[in-house]
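Tertiary structure, described
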Amino acid sequence: MSQLRNQMIRDMQLRSLAAGTQKQYLSAITGLAEYYHQSPDTIRLEQIQDYILYLLKDRKLAIGSCHCIFTALRFFYTVTLGRHPNTLPIPPVKKTSTLPEILSVEEVKKLFSATRNPKHRAMLMAAYGGGLRVSELVKLKVADIHSERIDRKSVG
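Residues numbered from 1 in each chain as written. Predicted model: local features only at pLDDT ≥ 70, side-chain atom pairs only at ≥ 80, totals over all residues. Heavy atoms only, no water.

1. Re the overall build of the protein
Of regular secondary structure, the protein possesses eight helices and zero strands. Scanning the protein from its N terminus toward the C terminus, one meets helices and strands in the order α-α-α-α-α-α-α-α. A compact globule built from 156 residues should have a C-alpha radius of gyration of about 15 Å, whereas the protein, at 24 Å, is more than 25% larger. With the principal axes as the frame, the protein shows a C-alpha extent of 70 × 35 × 25 Å. Expressed as a percentage of contacts within the protein between residues at least 6 apart in sequence, the contacts between residues at least 24 apart total 48%. As displayed, the protein has an accessible area near 11500 Å², and 55% of this comes from carbon and sulfur atoms. (Helix = DSSP H or I, 4+ residues; strand = E, 2+ residues; numbered from the N terminus. Rg over C-alpha atoms; globule rule 2.2 N^0.38 Å. Contact = heavy atoms within 4.5 Å. Areas by Shrake-Rupley, 256 points an atom, 1.4 Å probe, with all protein chains shown as cover.)

Structure below.
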């Protein structure tokens with residue numbers, strides 16, 4: 001391994017970055033180096049901008065996909081190489097937020113009646129009513145439910 005790669009790994013470990021994040025960051029910097037066939041510490045600022053345009057225009061990556069690459073570039077150039085963040089030509093990522101689709105009352109009733117198993121029905125109702133993710137739903141305990149606050153008319 002190169003000394004620069006070892007330094008980046010050390011910097012990431014010092015900041016307790018998750019193993020998956022470290023792998024993605026290294027992959028992003030490797031992609032930049034392979035694109036230019038040179039060490040990333042010798043790449044000019046204009047080349048970084050050209051690489052970003054390549055990712056967005058030629059490879060047609062979504063901005064969400066580029067977010068990790070941009071973050072990895074910022075980390076490498078500011079932390080590992082010690083460059084000032086204001087000198088980097090890496091744009092801030094604008095996240096587009098999409099609103100969830102609102103179901104009609106009939107669609108919600110159809111959803112809840114899709115299963116005859118009372119346990120599964122209760123899980124669907126808890127997930128929908130509480131806006132829970134699947135991971136949150138599976139960790140739900142009886143003690144988490146305040147049954148005195150349930151509107152009995154809307155449940156039946």
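2. Considering the pattern of salt bridges
As enumerated under the stated definition, the model contains two salt bridges in all. In this structure, the salt-bridge partner of Arg 44 is Glu 46, at a minimum N-O distance of 3.4 Å. A salt bridge links Arg 133 to Glu 136; the shortest N-O distance between them is 3.4 Å. In this structure Arg 133 comes out as exposed when scored by relative accessible area, which is 58%. Using a relative accessible area of 32% as the deciding quantity, one classes Glu 136 as partly exposed. (Salt bridge = Lys/Arg side-chain N within 4 Å of Asp/Glu carboxyl O. Buried < 20%, exposed > 50% of the residue type's maximum accessible area, 1.4 Å probe, protein only.)

3. Here we look at the packing of aromatic side chains
All told, the structure shown has seven aromatic pairs when counted by the stated rule. An aromatic cluster of three or more residues is present, and its members are Tyr 35, Tyr 36, Tyr 51 and Tyr 54. (Phe/Tyr/Trp six-rings, centres within 6.5 Å; stacked < 30°, edge-to-face > 60°.)

4. Notes on the side chain of Gln 22
Relative to the elements of secondary structure, Gln 22 occurs in helix H2 (residues 19-36). Assessed through its relative accessible area of 14%, Gln 22 is described here as buried. If sequence neighbours within four positions are ignored, Gln 22 has contacts with Ile 9, Met 12, Gln 13 and Leu 17.

5. A look at the packing of helix H1 (residues 3-14) against H2
Where H1 meets H2, the closest approach of the two axes is 11 Å, and the angle between their N-to-C directions is 150°. Relative to H2, H1 is oriented roughly antiparallel. When you trace H1 past H2, the crossing you get is right-handed. Of the residues in H2, those in contact with Arg 5, Met 8, Ile 9, Met 12 and Gln 13 of H1 are Gln 22, Tyr 25, Leu 26, Ile 29 and Thr 30. (Axes fitted to C-alpha atoms, helices over the stretch in contact; angles between N-to-C directions. Parallel < 35°, antiparallel > 145°, perpendicular 65-115°, else oblique. Left-handed = near helix turned anticlockwise from the far one by under 90°.)

6. What to know about unusual backbone geometry
Positive phi values are uncommon outside glycine, yet Ser 16 reaches one of about 55°. Structurally, Ser 16 can be placed in the loop between H1 and H2.

7. Examining the layout of surface pockets
In this model, the second largest pocket occupies a volume close to 170 Å³. What lines the second largest pocket is simply Ser 2, Leu 4, Arg 5, Met 8, Leu 26, Ile 29, Thr 30, Ala 33, Ser 39, Pro 40 and Phe 76. Listing elements by their share of the lining of the second largest pocket, those giving two or more residues are H1 and H2. With four residues, H2 is the single largest residue contributor to the lining of the second largest pocket. (1 Å grid on protein atoms, 1.4 Å probe; cavity = no way out; pocket = protein on both sides within 12 Å on 5 of 7 lines; lining within 4 Å. Points joined across faces, edges and corners; volume = space filled by probe spheres on them.)

8. Let's talk about the confidence of the model for the protein
Detailed reading of the predicted coordinates is not advisable wherever pLDDT falls low. Of the residues in the protein, 92% reach a pLDDT of 70 or more, and the chain-wide mean stands at 88. Helix H8 (residues 152-155) is the least confidently modelled element of the protein, averaging 57 in pLDDT, while H2 averages 96, the highest of any element. (pLDDT = per-residue confidence, 0-100.)

9. A closer look at the side chain of Gln 47
Among the structural elements, Gln 47 can be located in helix H3 (residues 45-58). Of the residues examined, Gln 47 reaches a relative accessible area of 9% and is grouped as buried. Apart from the residues lying within four places of it in its own chain, the contact partners of Gln 47 are Tyr 36, Gln 38 and Thr 42.

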